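Structure at a glance
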Amino acid sequence: MDLAIFVQLLIGGIAMGIIYGLIGFGINLIFNATSGVNFAQGALVMLGAYMSVTFTNFIKLPLFLSAICAVAVMAVIGALFGFFVYEPVRAEKSHRFLLAAVAVSIFLTEVIQLIWGKLPYVVPRFIKKSSVRAGTLVFDTQNLCIIGVAVVCLFLIHLLLNKTQLGLMMRAVGQSKEVSSLMGIPVRWIVRITFACSTMMATVAGVVAGPIFFVSPLLADLSVKGFASGIIGGFGPRVFATIIGGIILGLVETFGAFFLSSSYRDAWGFIFLICMLLISPYGLVGEKRAQKV
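Definitions and limits used
Residues numbered from 1 in each chain as written. Predicted model: local features only at pLDDT ≥ 70, side-chain atom pairs only at ≥ 80, totals over all residues. Heavy atoms only, no water. Patch = residues over 30% accessible without salt bridge, like charges linked within 9 Å, V, L, I, M, F, W, Y side chains within 5 Å. Areas by Shrake-Rupley, 256 points an atom, 1.4 Å probe, with all protein chains shown as cover. Salt bridge = Lys/Arg side-chain N within 4 Å of Asp/Glu carboxyl O. Helix = DSSP H or I, 4+ residues; strand = E, 2+ residues; numbered from the N terminus. Buried < 20%, exposed > 50% of the residue type's maximum accessible area, 1.4 Å probe, protein only. Axes fitted to C-alpha atoms, helices over the stretch in contact; angles between N-to-C directions. Parallel < 35°, antiparallel > 145°, perpendicular 65-115°, else oblique. Left-handed = near helix turned anticlockwise from the far one by under 90°. Contact = heavy atoms within 4.5 Å. Nonpolar A, V, L, I, M, F, W, Y, C, P; charged D, E, K, R; others polar. Expected span 1.5 Å × (residues − 1). Phe/Tyr/Trp six-rings, centres within 6.5 Å; stacked < 30°, edge-to-face > 60°.

Concerning a nonpolar patch on the surface
A surface patch of nonpolar side chains, about 400 Å² in accessible area, is lined by Ile5, Phe258, Phe259 and Leu260. The topology assignment puts Phe259 in helix α10 (residues 241–259). Taking the relative accessible area as the measure of exposure, Phe259 reaches 48% and is therefore partly exposed.

Okay, structure coming up:
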């Protein structure tokens, strides 16, 4: 196999996997904070992309500034989501939140189509030049942009979780809300902030995926790959494992499509997921959790 083709497939698979991983990262943050699965994450990815479209196409802000504004607005929406959707059912079993999240996902999908319509929006690239050449290698600039944005975002999240008082409180709440409350940590506010961070990650994924997939209601379907990346990486305190899971999923899809069949691109990733579950049901670094019955 030609080295140039291998490197291009590798970069493309990593970039696609990072999009999946960012979505899974947000899902894992919520899972740690609430022990519930946020099935509205796909709708939030879609809403974040549409917010970016609004700032870019209608308000006419520069693309980079539009992305920042979209992330800021969606952080507020994420906190409100935690307040209005999670908190009313937080004392109930986790499946109540799951059902509430599904309902919100359906609601947001319909409202988005009423406001922005069903036709896809074309989003400009962050780098106008579509490709760059390095010798015999040709790289898609959007893939390089995705990797660069992800590295910056994950570095900032790492600093937040490990180097700040707020991050330590978020990690404590993820370990035990009861003990955190006894220690004087404002659990409700920390959970809202966690929802805000999760939604910000969803928005980043939606914004960087927009130029590849176009901005349409179909973006919500990326949440399935986000869940898959979380399962491969393992849901648990090591939230960055979902990024690794997403990259693995992206590479499997990319190389499977090239070597086997592009018609079954999605199938290769889910076949790998099934094999992964047979070998390691809790993912790469996931932890078994005890359940009270």
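Some details on the packing of helix α2 (residues 41–58) against helix α3 (residues 63–86)
Each pair of packed helices gets described by two things: the angle between the helix axes and the distance between those axes. Running from N to C, α2 and α3 point in directions that differ by 135°, and their axes come no closer than 8 Å. The pairing of α2 with α3 is recorded here as oblique in orientation. Like other packed secondary-structure pairs, α2 and α3 cross with a definite hand, here right-handed. Counted together, Leu44, Leu47, Gly48, Met51, Ser52, Phe55 and Thr56 of α2 and Leu63, Ser66, Ala67, Cys69, Ala70, Val73, Met74 and Ile77 of α3 form the full contact between these two elements. For the contact of α2 with α3, the per-class residue count stands at 11 nonpolar, 4 polar and no charged.

Regarding the pattern of salt bridges
Throughout the structure, instances matching the rule amount to 5 salt bridges. When the shortest N-O distance is used, the salt bridge between Lys225 and Glu253 registers 2.9 Å. In this pair, Lys225 is assigned in helix α9 (residues 222–233) and Glu253 in helix α10, connecting sequence segments 28 residues apart. By relative accessible area, Glu253 is classed as buried at 0%. When salt bridges with common partners are traced through the structure, they connect Lys225, Glu253, Arg265 and Asp266 into a single cluster.

Quick look at α3
Here α3 spans 33 Å end to end across 24 residues, near enough to the 34 Å set by a 1.5 Å rise per residue. Leu63, Ser66, Ala67, Ala70, Val71, Met74, Ala75, Gly78, Phe81, Gly82, Val85 and Tyr86 are the residues of α3 that are buried.

Quick notes on the packing of aromatic side chains
The geometry of two aromatic rings is summed up by the distance between their centres and the angle between their planes. On inspection of all chains with the given rule, the structure shows 16 aromatic pairs. Residues Phe6 and Phe255 carry aromatic rings whose centres are separated by 5.6 Å and whose planes lie at 50° to one another, so their mutual orientation is tilted. On the criterion of sequence distance, the pair formed by Phe6 in helix α1 (residues 3–34) and Phe255 in helix α10 is long-range, its members being 249 residues apart. Classification of Phe6 by relative accessible area gives partly exposed; the value is 34%. On the basis of relative accessible area, Phe255 is assigned to the buried category, the value being 17%.

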